[in-house]
Amino acid sequence: MKIDTIAAISTAMTDSGIGIIRISGDDAISIAHSVFVNKKNKKCLDSYPSHTIHYGFIIEEDGTVVDEVMVSVMKSPNSYTTEDTVEINCHGGIFMMQKIMEIVLHAGARAALPGEFTKRAFLNGRIDLSKAEAVMDIINAKNEFALKTSIKQLKGSVYEIVNKLREEILYEIAFIESALDDPEHISLDGYPQKLYDKNEEILKRLEKLLASADDGKMLKEGIQTVIVGKPNAGKSSLLNVMLGEEKAIVTEIAGTTRDILEETITLGGFSLHITDTAGIRNTEDIVEKIGVEKAKQAIVDADFIIYIVDSSIPLDDDDINIMKMIKDKKIMILLNKSDLENYVTEEDIEHFWCSAISSNPDTGSVSFSQNGRVIRTSIKEKEGIDVFIDTIKEMFFYGELTYNDEVYITNMRHKEAIRESYESILQVQESIRNHMPEDFYTIDLLSACAALGRVIGKEVGEDLVNEIFLKFCMGK
């Protein structure tokens, strides 16, 4: 690309030790050369080799020194944007950064749009679209899982698997087209079955990516965690213990919590967005009823349920009703108040669980252990809390949501494109089963290929590209 030279303040607009003004484009070095002098008061930036850093001063047009700086020079194509790039490291005051930015703009640069540096890296072919989006994900990462996943995507984890799938589909398209154009030399005898088998393998790989999408998004953005239970079971006490401060009001009076309370904590590299809810029970209190309804809605929206049971009193119909509400969620049950005489056992939980979701409680057809874990705690005495926290980590890192070297899809735009590709391949399989002509296969194969191309930016329109990069922060 041969386009104008852009500049932006790439660090936060706040008083800090260092600020960075980034310049990129064909005239980046000449613009920086015109406003920079070395310690001998000489303009010589245009003579410096690439990937070097130099001490000097930024000056105004009349030679007045504005700031003492370090200037980095990176020449095309070995830079972030693949264009000539200069970064001015100045003192980090807001006024100072704005002043130097004004001088750079006056010297001939244009103020960059949000994400325009990364956009140029994409348009110049240095990174694909999935890597470009990973850049912003790294900046916005709120936990270790999000950071590690984004770094992997920046290194090409999504690109590699999607591009390989796309190349394999393109090969089949090319083979069909070649055979149809030259049937005398390329035979399609037995090919439909071979393509069918190949597509089955591709579908499995696409299914794996799709299966990772919901879990990946959840772990990246934080797990929506809801604490539920009957009144006075210890829900607010647990929230306070997890936060390490007295955020929720705790009393011996049942039904103290009438509204929901939301907080975020980080555990073992991922975030929990915790919602403390009103105790769920049948009540005639109008205000408490509203709180119970809010609790029920929070359950619907939850990824993970912490169900606290007061083990010092027997289970009852309210517990069965709660179990019915949470039966489709990932669940951990805390048998709380273990410091008191216990009336609830793990076997009681199993029995009531089956009663809640099965018409025949004696069949044992559905075990709670298939859905979650049971742990004994005394939140008041802080007993079992370490086991509770370790179990959460185990559930999300060694259970169904194992974080390992597999590729996670965390971008919903990617998920939708992969789903479209999956559905197109399914349509090819249907055509093969119905003994349709081979040229029908290419229509859906092309659609599958195009959908995957949108993930990595091979087939995207200008409007989508602009929309994606406008979400970036200024100067990146």
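Shown above is the structure to which this text applies.
A short tour of the structure in this document, coming up. (Residues numbered from 1 in each chain as written. Predicted model: local features only at pLDDT ≥ 70, side-chain atom pairs only at ≥ 80, totals over all residues. Heavy atoms only, no water.)

This part covers the overall build of the protein chain. Counting secondary structure elements, the protein chain contains 15 helices and 13 strands. Buried positions account for 48% of the 476 residues belonging to the protein chain. Residue pairs in contact within the protein chain that sit at least 24 positions apart in sequence constitute 67% of those at least 6 positions apart. Total accessible area on the protein chain is roughly 22,800 Å²; 51% of this is exposed by carbon and sulfur atoms. (Helix = DSSP H or I, 4+ residues; strand = E, 2+ residues; numbered from the N terminus. Buried < 20%, exposed > 50% of the residue type's maximum accessible area, 1.4 Å probe, protein only. Contact = heavy atoms within 4.5 Å. Areas by Shrake-Rupley, 256 points an atom, 1.4 Å probe, with all protein chains shown as cover.)

Within the open sheet, the seven strands sit side by side as β3-β4-β5-β6-β2-β1-β7. Their pairing is mixed. Each end of this open sheet is capped by a strand with a single partner; those strands are β3 (36-38) and β7 (110-111). One ladder, built from two bridges, connects strand β1 (residues 6-9) with β7; its direction is parallel. By the bridge assignment for β7, A7 is matched with A111. (Pairing = 2+ DSSP bridges.)

Further remarks concern the side chain of S378. For S378, the location among the structural elements is in the loop between β13 (372-376) and α12 (385-397). Within the local environment of S378, its side chain forms a polar contact with the side chain of D339, the two groups lying 2.9 Å apart. Filtering out sequence-adjacent residues up to four positions away, S378 remains in contact with N336, K337, S338, D339 and E383. (Polar contact = N/O pair within 3.5 Å; in protein donor to acceptor, adjacent residues only side chain to side chain.)

Next up on the list: the layout of surface pockets. Roughly 430 Å³ of volume is contained in the second largest pocket. Along the walls of the second largest pocket sit 19 residues, with E133, D137, K220, N411 and K471 positioned nearest its centre. Among the elements of the structure, α4 (129-140), α7 (191-221), α13 (412-433) and α15 (462-469) are those that each provide at least two residues to the lining of the second largest pocket. Of the residues forming the lining of the second largest pocket, the biggest block, four residues, is contributed by α4. The class makeup of the residues in the lining of the second largest pocket is seven nonpolar, three polar and nine charged. (1 Å grid on protein atoms, 1.4 Å probe; cavity = no way out; pocket = protein on both sides within 12 Å on 5 of 7 lines; lining within 4 Å. Points joined across faces, edges and corners; volume = space filled by probe spheres on them. Nonpolar A, V, L, I, M, F, W, Y, C, P; charged D, E, K, R; others polar.)

In terms of nonpolar packing, the biggest core is built from 31 residues, with I169, L195, L206, I418 and L445 touching the most fellow members. The set of elements that each furnish at least two residues to this core consists of α6 (157-181), α7, α13 and α14 (438-456). If you tally residues by element for this core, the top one is α7, at nine residues. (Core = buried A, V, L, I, M, F, W, Y, C linked by side-chain atoms within 4.5 Å.)

Let's shift gears to the environment of T118. You can see T118 is positioned in helix α3 (residues 116-123). When the C-alpha atoms of T118 and E133 are compared, they prove to be 9.1 Å apart, with 15 residues separating the residues in sequence. Beyond its immediate sequence surroundings of up to four residues, T118 is in contact with Y80, I127, A132, V135, F469, F472 and K476. At 2.7 Å, the side chain of T118 and the side chain of Y80 are in polar contact.

Turning next to the pattern of salt bridges. Under the criterion given, the structure shown has 20 salt bridges. One salt bridge connects K99 with E60, and the closest N-O pair in it is separated by 3.0 Å. Placement of K99 in helix α2 (residues 94-106) and of E60 in the loop between β4 (52-59) and β5 (65-74) is noted, with a sequence separation of 39 residues between them. By relative accessible area, which is 24% here, K99 ends up partly exposed. (Salt bridge = Lys/Arg side-chain N within 4 Å of Asp/Glu carboxyl O.)

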